[in-house]
Amino acid sequence: MIDFALIGPPWLQAVAGVLLLLLVATIANWVTRRVLIRGLQKVTRLVAEDTAELLIEHRVADRLANAVPALVVLFGIVLVPHLHDSFVVVVQRLAQVMVVVAFVRAVSAALDVANAFYQKRPHANDKPIKGYLQLIKIVLYLVVGLVVVGIFLDRDIFTLLAGLGAMAAVLLLIFQSTILSLVASVQVSSYDMVRVGDWIEMPDLNADGDVIDISLHTVTVQNWDKTITTIPTSRLVTDTFRNWRGMTEAGGRRIKRPLYLDQTSVRFLQDDECKTMRRFYLLGDYLDKKLEEIEAFNHTLAARGAEPVNMRRVTNLGTFRAYVQLYLRNHPQLNQGLTQLVRQLDPTPEGIPLEIYCFTATTAWADYEGVQSDIFDHLLAILPEFGLRVFQNPSGADWRAGLSDQRPPE
């Protein structure tokens, strides 16, 4: 025990006592951080390296260590002689606040560690807990706020909580967004509406990309142009959005695009043209079956003395449609387990739309665009073989060619 009476007058004894207390607090802080915490980290690494790395990353022990010097001051300030009682009380209350804040910050960091552990689970993205942990933090900080107020006012926390009944309406108004976000977060998680990694599309909020984070108040989306859009969680419940997860789980991405054909190029095929079409290996069986069906029908018409105009014949458009269907069925990069259609839509001023409806065997954006482009490259190039033309509005070159054809010879 140090005899402060040997130092000198009372004020000097008080100053020396305070400086000594601060020195002891500093040494305790150094010993805690350099010896105890580092030793604990080494032991933890030997037992569970992943756990140690997360604890170090989120600084759980460092935040808890801040309470050690505060505890030294809390219990040591009463040993300093000749200090005014009011000063001792103020210092003790500040030290108590520091201890409580250090403890709460350590608990908050521990919750972050728990979330990091949970994220390593295989199905963590399906049921994120980050929003719930944030709610626990909010409640924890509210309680700490009451504790701090109670420490400075020298009131029990339960007395303060009893007084909050009259402020319930005010608190509901203040935390309205938090309550709405909590309810929305529960609904989003319960109904499995959005997961981290989902591609969602929400045009009203300029969101079109992958979900990279789901928290209590917000859902963060990284758009395809690498910009970030932050969506209030409650908007996912109240507004309409599109989730492309079903496409990914189905294993195929839809192609739905028409070819606009010139209506004036549609005609019947002559017999010699039907024979020429047999050089397409995809059309051999189709033409045999179709011509046999048409011949049987026309034979019954001839037996009844019907005019030749009533006979059925093969059209170039029908043959091309059959070719496209067979081409899609034999395409190695299309998902053959999903719907495939080649259909005519209502004629328009831009021609006859022949719509190709199928699914690629990949959902990757770049690969999908490559498969789609290859298909339409082939169809556009093969069209003239069937005597068909693609509709195209006349350009300047078309007008010049037309005028030059009408120009009289010189």
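Criteria and thresholds
Residues numbered from 1 in each chain as written. Predicted model: local features only at pLDDT ≥ 70, side-chain atom pairs only at ≥ 80, totals over all residues. Heavy atoms only, no water. Helix = DSSP H or I, 4+ residues; strand = E, 2+ residues; numbered from the N terminus. Expected span 1.5 Å × (residues − 1). Buried < 20%, exposed > 50% of the residue type's maximum accessible area, 1.4 Å probe, protein only. Arc of directions from axis to C-beta. Contact = heavy atoms within 4.5 Å. Salt bridge = Lys/Arg side-chain N within 4 Å of Asp/Glu carboxyl O. Axes fitted to C-alpha atoms, helices over the stretch in contact; angles between N-to-C directions. Parallel < 35°, antiparallel > 145°, perpendicular 65-115°, else oblique. Left-handed = near helix turned anticlockwise from the far one by under 90°. Pairing = 2+ DSSP bridges.

Topic: helix α15 (residues 365-382)
- Spanning 18 residues, α15 covers 26 Å between terminal C-alpha atoms, matching the ideal 26 Å at 1.5 Å per step.
- Within the sequence span of α15, burial applies to Y368, V371, Q372, I375, F376, L379 and I382. Down the axis of α15, the buried side of the element spans an arc of 135°, and every buried residue falls inside it. In α15, those exposed residues whose orientation departs by more than 90 degrees from the buried face are A366 and A381.
- Elements in contact with the buried residues of α15: β6 (254-261), α14 (316-329) and β8 (352-359).

Concerning the pattern of salt bridges
- Applying the stated rule across the entire model yields 10 salt bridges.
- The partner of R195 in a salt bridge is E249, with the nearest N and O atoms 3.9 Å apart. Placement of the pair is R195 in the loop between α9 (176-190) and β1 (199-202) and E249 in helix α11 (residues 245-250), with a sequence separation of 54 residues.
- The exposure class assigned to R195 is buried, which follows from its relative accessible area of 17%.
- Here D262 and R389 are joined by a salt bridge, their closest N and O atoms 3.3 Å apart. Within this pair, whereas D262 is found in the loop between β6 and α12 (271-277), its partner R389 is found in the loop between α15 and α16 (396-406), the two being separated by 127 residues in sequence.

Overview of the packing of α14 against α15
- Running from N to C, α14 and α15 cross one another at 150°; their axes reach a closest spacing of 12 Å. Looking at the two axes, α14 sits roughly antiparallel to α15. For α14 against α15, the interelement crossing comes out right-handed. Facing F320, Y323, V324, Y327 and L328 of α14, the residues of α15 in contact are D374, I375, H378, L379 and I382.

Looking at the sheet that holds strand β2 (residues 207-214)
- Taken in spatial order, the five strands make up an open sheet running β4-β3-β2-β1-β5, and their pairing is antiparallel. Strand pairing shows two members of the sheet lacking a second neighbour, β4 (228-232) and β5 (242-243), which therefore form its edges.
- Alignment of β1 against β5, held across two bridges, turns out to be antiparallel. By the bridge assignment for β5, I200 is matched with N243.

All quantities given are derived from atomic positions and should not be read as evidence of function.
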